[in-house]
Amino acid sequence: MTFDEWLSAASKDAGTYAESACQATRWLRDNGRGRGLLSPIERLNTGTPVEPG
């Protein structure tokens, strides 16, 4: 799902945003919190796709 597709879905259903927030919180917990976020950000900045995990 692209970011634009996600924004469209989230604007139609508040549950989409809440579910995403829960997923992001779990991912951060399981991947080193803020430190774990740096790698995907760096990859996105270079144009490398980041697969959900």
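Everything below is about the structure shown above.
Here the structure is a predicted model, which means the values were calculated and not measured.

A look at the side chain of Thr16
So, step 1. Within the fold, Thr16 resides in helix H2 (residues 14–30).
So, step 2. On the basis of relative accessible area, Thr16 is assigned to the buried category, the value being 18%.

Structural notes on the pattern of salt bridges
So, step 1. What the rule picks out here adds up to one salt bridge.
So, step 2. A salt bridge links Asp30 to Arg29; the nearest nitrogen and oxygen atoms lie 3.0 Å apart.
So, step 3. For Arg29, a relative accessible area of 48% puts it in the partly exposed group.

Rules used in this analysis
- Residues numbered from 1 in each chain as written.
- Predicted model: local features only at pLDDT ≥ 70, side-chain atom pairs only at ≥ 80, totals over all residues.
- Heavy atoms only, no water.
- Helix = DSSP H or I, 4+ residues; strand = E, 2+ residues; numbered from the N terminus.
- Buried < 20%, exposed > 50% of the residue type's maximum accessible area, 1.4 Å probe, protein only.
- Salt bridge = Lys/Arg side-chain N within 4 Å of Asp/Glu carboxyl O.

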